[in-house]
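# Observations on the model geometry
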Amino acid sequence: MAEVDVVSLCADLIRFDTTNWGDGEAAGERLAAEYVAEFLGQHGVSARILESEPQRSNVIARIPGTDPTLPALLVQGHLDVVPAAAADWSVPPFSGEVRDGFLWGRGAVDMKDFCAMVLAAVASGLRPRRDLVLAFVADEEDRGDYGAHWLVKEHADLFEGCAAAISESGGYSYHVPAADGRKVRLYPVGTAERGTAHLRLTATGRAGHGSRPNSENAVVRLVGALQRIADHRWPVQLTPTVRAFLERTGAALGVPVDLSSGEAVDETVARLGTAGSLVVPTVRNSTTPTMLDAGYKVNVIPSKASAQVDVRVLPGTEDELFAVLDSLLGEGVTREFVAHQPPVQAPVDSPWFDAMAAALRAEDPEAVVVPYCMGGGTDAKAFTQLGMACYGFAPLALPEGFPYRAMAHGVDERVPVDGLRFGTRVLTRFLESC
């Protein structure tokens, strides 16, 4: 059988428009899922397509390992992508065009690149030590109701024996300057994620005419609560992942690290420069007002006003955060969850992490591999419910100055073809050795 090129695989996947507009509206993942399942079958791996709704497709397969005593590993990626406005792009966003050493298209880094790397690893004749469960899922770009969360709820048996999982948002090179002028290649591996809580605040009061004084104005109550939330400075809270990142990155860069107080942590993050930007969102919890809904006529004081707040919460801090938040609401204001997905925390020092670091260093001997906490969220929030240690490990070699973090969901999303091939070698090595 002819050798399979990961770049061609990724280009094929990009050409399937799997746009997810949210709230259940999507182009659907079916055609991409059929491509993946057929490819796996051609390489000796039997795959199932499961759908919670027509066209919202998930592909599941299991590759037996050579040592049945070892726990299994889940390798999961999503097939859906966010919308792309073609008029804003330099190339058609679903063209899968290779230009100037990059593969362009929606999903090139989020995350059809990883899906293609997994397929390329399988095609190479992969012989893992442990069982590998492969999951190519729907709906990650919305709530996961048609994908990971549905699979965990309805088909948990498919993941039996999985002790850990790998997926997006980690294992890519990040070029940062050291104190002595050297350039260091950091490879942050995701070992934690902040939790996501989307809250609806509802203020109630007494309706009345806009021209008359009203001490129970629902709008005023809501605005007051939002102002208190916006003004609140959440304290520094170092999780095991963030502490290890700061200590190990500081050591690699020759930068003094002082974690003795919140102010000292902020100063340490600043000293780390571009490397510090990786942890700015994850040394604290955050509560960000984002939506407002109040009133129906300018001269009428409504009896109700509401807002939504985006809350991101670090592992181990939920109870404290919500207690403080409740104290900020004030009279006549209540809260409820619109969405709630708790934080994720995997062991920082583990055989899994060590195997990822070893696979990276085998391809890049100067790699500095550090744990990393993601400020947002992935489908790890679903699979962690099954007791898995969930890691962000989708390796890529990136050229210095490449704006990788602007690629996901951005205009002119693209991935370096050499970096994609590097990632395939790293991923294959990890899957065979872990």
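Just so it is clear, the model here is predicted, and its values are computed rather than measured.

Another point: the UniProt feature "domain: Peptidase M20 dimerisation" (unreviewed entry) in the protein. Under the local residue numbering, the UniProt record ascribes the feature "domain: Peptidase M20 dimerisation" (unreviewed entry) to residues 191-318. This span, residues 191-318, is 30% helix and 28% strand, and a straight line between its end C-alpha atoms measures 18 Å.

For helix 6 (residues 240-253), which comprises 14 residues, the first-to-last C-alpha distance of 20 Å matches the rise-based estimate of 20 Å (1.5 Å per residue) to within 8%. Looking only at helix 6, the buried set comprises Thr241, Val242, Ala244, Phe245, Leu246, Thr249, Gly250, Ala252 and Leu253. Packing partners of the buried residues in helix 6 comprise strand 10 (174-177), strand 11 (183-193), helix 7 (262-271), strand 18 (344-345) and strand 19 (368-374). With its phi angle positive at about 70 degrees, Gly254 sits one or two positions after the end of helix 6.

On to the sheet that holds strand 12 (residues 195-204). Ordered by their spatial adjacency, four strands build an open sheet running 14-16-12-17, and the pairing between neighbours is antiparallel. Only two strands of the sheet have a single partner each, and these edge strands are strand 14 (286-294) and strand 17 (333-341). When the angles between neighbouring strand axes are averaged without regard to direction, this sheet yields 20 degrees. Judged from the eight bridges that link them, strand 14 and strand 16 (residues 304-313) form a sheet pairing that is antiparallel. For Met291, the partnering residue across the bridge sits in strand 16 and is Gln308. Taken strand by strand, helix 8 (residues 318-329) contacts strand 12, strand 14, strand 16 and strand 17, and its axis lies near 150 degrees from that of strand 17.

Okay, empty space enclosed by the protein next. Under the defined criterion, the tally for this structure stands at one cavity of 30 Å³ or more. In this structure, the largest cavity encloses a volume near 70 Å³. For the largest cavity, the lining is made up of 16 residues, of which Thr378, Ala380, Cys390, Tyr391 and Gly392 are closest to its centre. Looking at the lining of the largest cavity, the elements that each hand over two or more residues are strand 9 (162-167), strand 11 and strand 20 (389-392). The greatest single-element share of the lining of the largest cavity, amounting to four residues, is contributed by strand 11.

Our focus in this paragraph is the packing of helix 9 (residues 351-363) against helix 11 (residues 417-433). Interaxial distance between helix 9 and helix 11 falls to 9 Å at its minimum, and their mutual angle equals 135 degrees. It follows from the interaxial angle that helix 9 and helix 11 lie oblique. The two elements helix 9 and helix 11 meet at a crossing, and its hand is right-handed. Every residue of helix 11 that contacts helix 9 at Trp352, Ala355, Met356, Ala359, Leu360, Ala362 and Glu363 is listed here: Phe422, Arg425, Val426, Arg429 and Phe430.

A full pass over the atoms with the stated rule returns seven aromatic pairs. A ring pair is formed by Phe102 and Phe402, whose centres lie 5.4 Å apart and whose planes are at 20 degrees; its orientation type is stacked. Here Phe102, found in strand 7 (residues 102-104), pairs with Phe402, found in the loop between strand 20 and strand 21 (414-416); they are 300 residues apart in sequence, far enough to count as distant. A relative accessible area of 17% places Phe102 in the buried class. The positively charged end of Arg99 is found above the aromatic ring belonging to Trp104, 5.7 Å away from the centroid. The positively charged end of Arg414 is found above the aromatic ring belonging to Trp104, 4.9 Å away from the centroid.

About the thresholds
- By convention here, each chain's residues receive numbers from 1 onward along its written sequence.
- Note on the predicted model: pLDDT of at least 70 is required for a residue's local features to be given, and 80 or more for side-chain atom pairs to be given and counted; whole-chain, interface and lining totals, by contrast, use all residues.
- Each side-chain value is worked out from all heavy atoms of the structure, with water and hydrogens disregarded.
- UniProt positions are given in the numbering used here, feature names are shortened, and annotations may be inferred rather than shown by experiment.
- Helix and strand assignments come from DSSP, with helices taken as H or I runs of at least 4 residues and strands as E runs of at least 2, each series counted from the N terminus.
- In a helix, the anticipated span is given by 1.5 Å times the number of residues less one.
- Think of it in three bands: residues with accessible area under 20% of the maximum for their type are buried, residues over 50% are exposed, and the middle band is partly exposed, with areas taken using a 1.4 Å probe on protein chains only.
- Contacts are assigned to residue pairs with any non-hydrogen atoms lying within 4.5 Å of each other.
- Think of it this way: DSSP has to see at least two bridges between two strands before they count as a pair.
- Note on geometry: axes are C-alpha line fits, over the in-contact stretch for helices, and angles between N-to-C directions span 0 to 180 degrees.
- The distinction between a cavity and a pocket rests on a 1 Å grid over the protein atoms alone: a 1.4 Å probe fits inside a cavity but cannot get out, while a pocket stays open yet meets protein on both sides within 12 Å along at least five of seven lines, and a residue with an atom within 4 Å of a point counts as lining.
- Grid points are joined across faces, edges and corners, and a volume is the space filled by probe spheres set on the points.
- Any angle that falls under 35 degrees is termed roughly parallel, while one over 145 is termed roughly antiparallel, one within 65 to 115 roughly perpendicular, and all others oblique.
- Here is the rule for handedness: rotate from the far helix to the near one, and if that takes an anticlockwise turn smaller than a right angle the crossing is left-handed, while a clockwise turn gives right-handed.
- What counts as a ring pair is set by centres within 6.5 Å for rings of Phe, Tyr and Trp (its six-membered ring), and what kind of pair is set by the plane angle: stacked under 30 degrees, edge-to-face over 60, tilted for all other angles.
- The criterion is that NZ of a Lys, or CZ of an Arg, lies within 6 Å of the ring centre and within 35 degrees of the ring normal, and then a charge sits over that ring.

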